[in-house]
Amino acid sequence: MHAIPLEHGLLLAAALFVIGLVGAMTRRNLVFVLMSLEIMLNAAGLAFIVAGARWANAEGQVMFLMILTLAAAEVAVGLGLIIQMHKRFKTIDIDLLSRLRG
Amino acid sequence: MISLFYLGSAVALIASLLVILQRNVVHALIYLVLSLLAVAVVFFTLGAPFVAVLEAIVYAGAIMVLFLFVVMMLNLGQASREQERSWLPPRIWIAPSILAAALFVQLVLVLPAQDMEITEVSARAVSAALFGPYVLAVELGSFLLLAGLISAYHIAKR
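Attention in this report is confined to the structure presented alongside it. Computed from a prediction, not measured in an experiment: that's the story for all the values here.

Moving on, we come to the overall build of chain B. When helices and strands are tallied, chain B shows seven helices and one strand. Reading chain B from its N end, one meets helices and strands in the order α-α-α-α-α-β-α-α. The C-alpha radius of gyration of chain B comes to 20 Å, more than 25% above the 15 Å expected for a compact globule of 158 residues. When its C-alpha atoms are laid out on the principal axes, chain B stretches across 50 × 45 × 25 Å. With the model as given, the accessible surface of chain B reaches about 8900 Å², and the carbon-plus-sulfur share is 74%. The averaged location of the 7 negative side-chain charges in chain B is 20 Å from the averaged location of its 7 positive side-chain charges.

Listed below in structure tokens is the structure:
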């Protein structure tokens, strides 16, 4: 089979994670923040897959499935919260929603 | 295969950058789908075809459709695009980008340098691991999904 340098795969994971981090820190729209979280979770899963490929092991893919489950649950709850905030406050700007008063 | 890996990586990086730079939510979502599909290609070249298919079906399919429905329910129109423009002046990007770049440099510095021989790990091996030593984790994952389902229903209902 072919060989790919391990550091290139991990480099891709790190770059994707950092891109998601910048998005989560800069955007004020809650939908964009959730999308950045998705990018970060995906990057973490990619790191697991790369490590699993390095040792030709199934455990990396098992961990990716766990991350997939977590991402699905997190997105469902997060999007429900976004809908509720949009109903109550007519905005999804996180700077305006920072006071936590019901 | 190797060129496919680098092509997928480049597409994933560019699409992810476009996601966080985009002002229109729907365009950002489409770019996110592109990024996830590119990552699925990367998974395939890394010898994980089962996970590549799951990434395409679950992530790029189900989760993104969920996002799309919510964006359509929120009905963010032209006004929100103007708002995004006022929310995102270029100076806002400076400090987070510097911090993230510092983190990236740290991550690059600790990366080990070695070659890996790609051998395919089949769906059979993954399933055997899932329902052998990790069966408790699978059960807990189903609990998590059920809790997410119920709480999302409850939160979005009223």
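Within an α-helix, residues lying three or four positions from one another point in the same direction, as the helix has 3.6 residues per turn. All names here are of chain A. Taking 1.5 Å per residue, 25 residues should reach 36 Å; helix α2 (residues 30–54) reaches 36 Å between its end C-alpha atoms and fits that length. Most of α2 is tucked away: 19 of the 25 residues are buried. Where α2 starts, the residue carrying a side-chain oxygen 3.1 Å from the main-chain nitrogen of V31 turns out to be N29.

Residue and element names in this part refer to chain A. The residue A56 is not glycine, and still its phi comes out positive at about 50 degrees. Position of A56 relative to the elements: it lies in the loop between α2 and α3 (59–89). Given the relative accessible area of 42%, A56 is considered partly exposed.

Mapping Y134 of chain B onto the fold places it in the loop between α6 (123–130) and α7 (135–157). For Y134 of chain B, a relative accessible area of 25% translates into the label partly exposed. For Y134 of chain B, the contacting residues outside a window of four places in its chain are E59 and V62 of chain A together with A129 of chain B. Of note is the side chain of Y134 of chain B, whose polar atom sits 3.5 Å from the side chain of E59 of chain A.

Our focus in this paragraph is the side chain of S16 of chain B. Checked against the element boundaries, S16 of chain B lands in helix α1 (residues 2–21). In this structure the side chain of S16 of chain B is engaged in a polar contact, spanning 3.0 Å, whose partner is the side chain of S35 of chain B. Among all residues touching S16 of chain B, those that are not within four sequence positions of it are L16, I19 and I39 of chain A together with S35 of chain B.

Residues and elements named next belong to chain B. Nonpolar side chains collect at one region of the surface, where M1, I2, L4, Y6, L7, V11, L34, V41 and F44 lie side by side and expose about 720 Å² of accessible area between them. Ranked by the residues each element gives to the nonpolar patch, the list is headed by α1, at five residues. Following the sequence through the fold, V11 ends up in helix α1. The class of V11 is partly exposed, set by a relative accessible area of 31%.

This paragraph deals with the interface of chain A and chain B. Contacts between the two partners involve 69 residues from chain A and, on the opposite side, 80 residues from chain B. Together chain A and chain B conceal approximately 7100 Å² of surface at their shared face, both sides included; 78% is due to carbon and sulfur atoms. Summed over the three residues of chain A that lose the most area to chain B, namely H2, I4 and Q61 of chain A, the buried surface amounts to 10% of that side. If you look at where chain A meets chain B, you find zero salt bridges. Taken together, the connections running from chain A to chain B amount to eight residue pairs in polar contact (both at pLDDT 80 or more). Elements with a minimum of two residues in the side of chain A that touches chain B: β1 (3–5), α1 (6–26), α2 and α3 of chain A.

So, about the packing of aromatic side chains. Overall, the coordinates contain two aromatic pairs over all chains when judged by the stated rule. Here F64 of chain A and F43 of chain B contribute two aromatic rings whose centre-to-centre distance is 5.0 Å and whose plane-to-plane angle is 80 degrees, an arrangement assigned as edge-to-face. With F64 of chain A in helix α3 and F43 of chain B in helix α2 (residues 25–45), this pair bridges two chains. Judged by relative accessible area, which is 0%, F43 of chain B ranks as buried. With a centroid separation of 5.1 Å and 80 degrees between ring planes, the pair formed by F5 of chain B and Y6 of chain B is classed as edge-to-face. For Y6 of chain B, a relative accessible area of 35% gives the class partly exposed. Here the guanidinium or amino end of R27 of chain A rests over the ring plane of F32 of chain A, the centre of that ring lying 3.8 Å away. When the ring centre of W55 of chain A is taken as origin, the NZ or CZ atom of R54 of chain A, which lies over that ring, is 4.8 Å away.

Conventions we followed
- Residues numbered from 1 in each chain as written.
- Chains lettered and ligands numbered in written order.
- Predicted model: local features only at pLDDT ≥ 70, side-chain atom pairs only at ≥ 80, totals over all residues.
- Heavy atoms only, no water.
- Helix = DSSP H or I, 4+ residues; strand = E, 2+ residues; numbered from the N terminus.
- Rg over C-alpha atoms; globule rule 2.2 N^0.38 Å.
- Areas by Shrake-Rupley, 256 points an atom, 1.4 Å probe, with all protein chains shown as cover.
- Lys, Arg positive; Asp, Glu negative; His and termini not counted.
- Charge placed at Lys NZ, Arg CZ, Asp CG, Glu CD.
- Expected span 1.5 Å × (residues − 1).
- Buried < 20%, exposed > 50% of the residue type's maximum accessible area, 1.4 Å probe, protein only.
- Polar contact = N/O pair within 3.5 Å; in protein donor to acceptor, adjacent residues only side chain to side chain.
- Contact = heavy atoms within 4.5 Å.
- Patch = residues over 30% accessible without salt bridge, like charges linked within 9 Å, V, L, I, M, F, W, Y side chains within 5 Å.
- Salt bridge = Lys/Arg side-chain N within 4 Å of Asp/Glu carboxyl O.
- Buried area = accessible area lost by both parts, 1.4 Å probe.
- Phe/Tyr/Trp six-rings, centres within 6.5 Å; stacked < 30°, edge-to-face > 60°.
- Lys NZ or Arg CZ within 6 Å of the ring centre and 35° of its normal.

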